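Descriptive analysis of the structure
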Amino acid sequence: MNEPAPPRYDAPLTRRDALLAGAGLVAAGLTASRAAAQRAPIPFGSAAQIETFREDPLYRDALKRYCDVIVPMNDLKWEALRHDRSRFDFSGADELVAFAQGNGQALRGHALLWGEALPPWAKAMTSRAEAERELIRHIEVVVDRYKGRIATWDVVNEVIKFEPTPGEPMRDTIWQRLLGPEHVEIAFRTAARVDPKARLVLNDFNFEEPNAGVVARRQIALDLVRRLKDKGIPIHGIGMQAHLYAENPIDTHGLQLFVEALGKLEVDVEVTELDVIDWKLPADAATRDRAAASLVSTYLNAVTTARPPRAIVTWGLSDRYSWIHETFPRRDTAKARPLPLDADYKPKLMMNVLNRYRRSAG
Ligand code: G3I
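Overview of the structure.

1. Looking at the pattern of salt bridges
Tallied over the full model, the rule gives 32 salt bridges. With a shortest N-O distance of 3.4 Å, R87 and D84 are connected by a salt bridge. Judged by its relative accessible area of 42%, R87 is partly exposed. Classification of D84 as partly exposed rests on a relative accessible area of 29%. D289 is the salt-bridge partner of R337, the closest N and O atoms lying 2.8 Å from each other. With R337 in the loop between α14 (323-327) and α15 (349-355) and D289 in helix α13 (residues 285-306), this residue pair connects regions lying 48 residues apart in the sequence. On the basis of relative accessibility, which here comes to 12%, the residue D289 falls in the buried class. One continuous salt-bridge network, built from bridges that share partners, spans R108, D154, R199, D268, E270, R307 and R310.

In structure tokens, the structure reads:
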């Protein structure tokens, strides 16, 4: 019998799809907590900012208490490691790696290649040969240093163009300009050569919103995975940053088909920078906390129903510290509430949602 053609993950959502998906989600939503309880626990973690880590003992305590996984937020970026070309400054990263190891926590490395957070000398590179030499040397030194301690690397971060256009899939960075799309292959091939046991991840944002730009972003991510696989270059995961805008819906159908398509390529997903940008929501804290928890629940239920992520990591733990305060300031000057703990380190509804998925606290 002719099997119906499998739905392409990038097909625009039909009204029937939406109704079916919606009905499915209502049912799924009603049993989300029961389903979550039956599924294997998913490690939970957070990014850690070294300045706060050094200054605020409550921050350190919360990282130790709530996290199975720690990600140095900035200290493994070129900007922190490579003030000048001739030497590496591992002080911040070493401190956070030692903290996590001392607590028996896993570590994610972020990020071996990014077009931002570069020192001036790197931004000033001018030739293909120079860029390739510096990229390979950087990855060799950094990955070798943390071999056996950092188990997962964001090998490349945000290489997909924000709003891709046909013929322009890749973000305009110094790496793309000097090396072309091959910069992705060079980074993954080098990381795999230096630490064959590490999980190697392509990390990017906005795979979850219901619009044509996101459909294109998912397509490009899949194409990059296929290109690496076709060349025998290891890639193990797609890191979905999940900086969720509270006013935007989640394209649960498209997201699930994307995660399933990756699964068919034997590539997992991990949620790597989860937080909720609530600047368009009413000021009332309880209202915002409920909306944020519901959005996170919808997102995680969609992903996990398709294929459980290898980890769920938030971009910080407490509302007291978040990049969102400066980047998305609210007009009413109320403080953003993007994270699982409030500014006094008290768990919010979002933490209840995360606990439904994470490893048991014990
Ligand atoms: O360490 C210096 C300090 O010495 C100096 O005094 C200070 C003032 O200039 O700057 C400090 O560096 C800052 C760094 O954070 C550490 O606080 C950089 O200027 C600042 O640009 C950097 O911002 C980080 C940003 O990435 C750029 O690297 C944010 O904290 C961090 O949350 C944000 O995280 C990114 C992810 O890496 C990728 N996905 C998006 C996410 C949010 O933008």
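2. Digging into the packing of helix α8 (residues 128-145) against helix α10 (residues 182-194)
Contact geometry of α8 with α10 gives a least axis separation of 9 Å together with a crossing angle of 30°. By the angle class used here, α8 and α10 are roughly parallel. In the packing of α8 onto α10, the handedness of the crossing is right-handed. Residues R128, E132, L135, I136, I139, E140, V143 and D144 of α8 lie in contact with α10, whose contacting residues are E182, H183, I186, A187, T190, A191, R193 and V194. Its residues placed into classes, the contact of α8 with α10 shows eight nonpolar, two polar and six charged.

3. Considerations on the side chain of T304
Residue placement: T304 occurs in helix α13. By relative accessible area, T304 is classed as buried at 4%. A polar contact is formed between the side chain of T304 and the backbone oxygen of L300, at a distance of 2.6 Å. Those residues in contact with T304 that lie beyond four places of it in its chain are R39, I42, P309 and Y357.

4. Considerations on the packing of helix α11 (residues 212-230) against helix α12 (residues 252-264)
Viewed as axis vectors pointing N to C, α11 and α12 meet at an angle of 5°, and their least axial separation amounts to 11 Å. Comparing their axes, α12 and α11 come out roughly parallel. Residue-level contacts link R218, A221, L222 and V225 of α11 to G254, L255, F258, A261 and L262 of α12. Along the lines of polarity and charge, the residues of the contact of α11 with α12 split into seven nonpolar, one polar and one charged.

5. A few points about the nonpolar core
One finds W153, W175, F188, I238, M240 and Y299 to be the most contacted residues of the largest nonpolar core, which totals 99 residues. The leading source of residues in this core is α13, at nine residues. In this structure, I238 is in contact with V201, L202, F207, A221, V225, L262, V267, D268, V269 and E270, ignoring residues within four places of it in sequence.

6. A few points about the packing of aromatic side chains
The full count for this structure, using the stated rule, is 11 aromatic pairs. A centroid spacing of 5.1 Å and a plane angle of 75° characterise the contact between W279 and F328, whose relative ring orientation is edge-to-face. Linking W279 in the loop between β10 (268-277) and α13 with F328 in the loop between α14 and α15, this pair joins segments that are 49 residues apart in sequence. Of the residues examined, W279 reaches a relative accessible area of 30% and is grouped as partly exposed. Residue class for F328 comes out buried when judged on its relative accessible area of 11%. In this structure, R82 is placed above the aromatic ring of F88, and the distance from its NZ or CZ to the ring centre is 4.0 Å. Against the face of F205 rests R217, its NZ or CZ located 4.4 Å from the ring centre.

7. Structural notes on the site of the ligand
Lining the immediate surroundings of the ligand are 16 residues, of which K77, H110, E158, E273 and W315 lie closest. The side chain of H110 places a nitrogen or oxygen atom 2.7 Å from an oxygen atom of the ligand. Between the ligand and Q241, the relevant distance is 3.3 Å, taken from a nitrogen atom to a side-chain nitrogen or oxygen of the residue. Its free accessible area being 800 Å², the ligand has 52% of it covered by the protein chains.

Rules used in this analysis
Residues numbered from 1 in each chain as written. Predicted model: local features only at pLDDT ≥ 70, side-chain atom pairs only at ≥ 80, totals over all residues. Heavy atoms only, no water. Salt bridge = Lys/Arg side-chain N within 4 Å of Asp/Glu carboxyl O. Buried < 20%, exposed > 50% of the residue type's maximum accessible area, 1.4 Å probe, protein only. Helix = DSSP H or I, 4+ residues; strand = E, 2+ residues; numbered from the N terminus. Axes fitted to C-alpha atoms, helices over the stretch in contact; angles between N-to-C directions. Parallel < 35°, antiparallel > 145°, perpendicular 65-115°, else oblique. Left-handed = near helix turned anticlockwise from the far one by under 90°. Contact = heavy atoms within 4.5 Å. Nonpolar A, V, L, I, M, F, W, Y, C, P; charged D, E, K, R; others polar. Polar contact = N/O pair within 3.5 Å; in protein donor to acceptor, adjacent residues only side chain to side chain. Core = buried A, V, L, I, M, F, W, Y, C linked by side-chain atoms within 4.5 Å. Phe/Tyr/Trp six-rings, centres within 6.5 Å; stacked < 30°, edge-to-face > 60°. Lys NZ or Arg CZ within 6 Å of the ring centre and 35° of its normal. Near = heavy atom within 4 Å. Areas by Shrake-Rupley, 256 points an atom, 1.4 Å probe, with all protein chains shown as cover.

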